[in-house]
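# Residue-level structural notes
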Amino acid sequence: MIKFISQFRIIILMGGCGNRLFQITRAVDLSREGYRVSIIDIEDFPILYKIINIVNGWTKHSIWIDFDELAKKLNIRKLHNANFFITFLIYIELINIKIFKRAERLNTALLNDSRVCQIGYFQEKECLTSDSVEIVGSALHDALNIKETQMVDIVLHYRAGDFDDSHILEYEEVEIFLKYCNYECICITNDRKYVLNNFPRLKIHDGNSAVSDFKIIAKSSNIYPSDSTFCFWASLIANKFYNAKMYKIPESYYWNYINLIIKD
């Protein structure tokens, strides 16, 4: 019985779309290792989801990717309800992480993780393979039909608002960049007021959705990225399919999973 159960892996999709793409990448890695993998949205556990939101103080994001469609493209099984056994495993794992303060389990290395139910962000060293990251990026490129988006020359991604101050792009660095490109760039941001107050000459993309913003970054030739998972996945696509160059590489480890070109 134990041997049979050990063939299975369940990955919980949680957080914003950028985080969920890392989680589905973990599922792809496990599937390539020969496990029988399923994914399930945290929202399918309403009471649990509410508790986690209260405890963690999560920022609520819209889910603008059709993860059912993406899972099909990746040959990953997506569940829409869970039996008692799966629910039990999820609660046990959350008790380990929150009550026993074992937050390191959220970024357990791929080859060291024997958990049947894996809850995590999977954004640190050895959590994923670069091959699977590219596989997910390619599937996302096709799912969003990004090839139909008009090519853009220079994009600045400026995440503020819900972002930790330590991760917001430095004002002085952005000013240098804007002078370098003579303000000839498009800004993608989640905080128009902040950008307009600090960089009034900067042109902000007037898209009306996250997917529209994502496509602009993903179809650009030159990118000044913020250190966000949203920007990571768009930059991956831009680099892989359209030879985009990066003005700089952010500090978070997950940027090491792709080989980006630094602009001279």
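Quick note: structure is the one above.
The written sequence of each chain sets the order in which its residues are numbered from 1. Given that this is a predicted model, residues contribute local features only at a pLDDT of at least 70 and side-chain atom pairs are listed and counted only at 80 or more, while totals for whole chains, interfaces and linings are drawn from all residues. Values shown for side chains rest on all heavy atoms present in the structure; no hydrogens or waters enter the calculation.

Pairs of strands are assigned from DSSP output, requiring at least two bridges between the strands. Strands here mean DSSP runs of E at least two residues long; helices mean DSSP runs of H or I at least four residues long; both are numbered from the N terminus. With parallel pairing, the four strands of this open sheet are ordered in space as S3-S2-S1-S4. Strand pairing shows two members of the sheet lacking a second neighbour, strand S3 (77-79) and strand S4 (117-118), which therefore form its edges. Alignment of strand S1 (residues 8-13) against S4, held across two bridges, turns out to be parallel. Within the sheet, the bridge partner assigned to Ile10 lies in S4 and is Cys117. Contacts are assigned to residue pairs with any non-hydrogen atoms lying within 4.5 Å of each other. Structural elements are reduced to axes, namely lines fitted to C-alpha atoms, with helices fitted over the stretch in contact, and the angle between N-to-C directions of any two is expressed from 0 to 180 degrees. Against the sheet, helix H2 (residues 17-32) engages S1, strand S2 (36-41) and S4, with an angle of about 170 degrees to S1.

Among the five residues in strand S8 (residues 220-224), four count as buried, and that is most of the element. Examined bridge by bridge, strand S5 (residues 152-158) and S8 share four bridges and lie parallel to one another. The partner of Ile154 across the bridge, within S8, is Asn222. Across two bridges, S8 lies against strand S9 (residues 245-246) in parallel orientation. Its bridge partner being in S9, Asn222 is matched across the sheet by Lys245. The cut-offs for exposure are 20% and 50% of the maximum accessible area for each residue type, with area from a 1.4 Å probe on protein chains only; residues under the lower value are buried, those over the upper are exposed, and the others partly exposed.

Moving on, we get to the sheet that holds strand S6 (residues 186-189). Taken in spatial order, the six strands of this open sheet run S7-S6-S5-S8-S9-S10, and their pairing is parallel. If you trace the sheet from one side to the other, it starts and ends with strand S7 (203-204) and strand S10 (261-262), each paired once. Here S5 runs beside S6; their pairing, made up of four bridges, is parallel. Within S6, the residue paired with Tyr158 across the bridge is Thr189. In the packing of helix H7 (residues 171-180) onto the sheet, contacts are made with S5 and S8, and the angle to S5 comes to roughly 170 degrees. In the packing of helix H10 (residues 229-242) onto the sheet, the strands contacted are S5, S8, S9 and S10, and the crossing angle to S8 comes to about 145 degrees.

Next up on the list: the packing of helix H6 (residues 130-143) against H10. At a minimum axis distance of 10 Å, the contact between H6 and H10 shows a crossing angle of 85 degrees. If you check the angle between H6 and H10, you find them roughly perpendicular. Residue-level contacts link Val133, Glu134, Val136, Gly137, Ser138, Leu140 and His141 of H6 to Phe232, Trp233, Leu236, Ile237, Lys240, Phe241 and Tyr242 of H10. Residue polarity follows a fixed list, in which Ala, Val, Leu, Ile, Met, Phe, Trp, Tyr, Cys and Pro are nonpolar, Asp, Glu, Lys and Arg are charged, and the others, Gly among them, are polar. Class assignment of the residues belonging to the contact of H6 with H10 gives a composition of nine nonpolar, three polar and two charged. Angular relationships are summarised with four words: roughly parallel below 35 degrees, roughly antiparallel beyond 145, roughly perpendicular across 65 to 115, and oblique for the angles in between.

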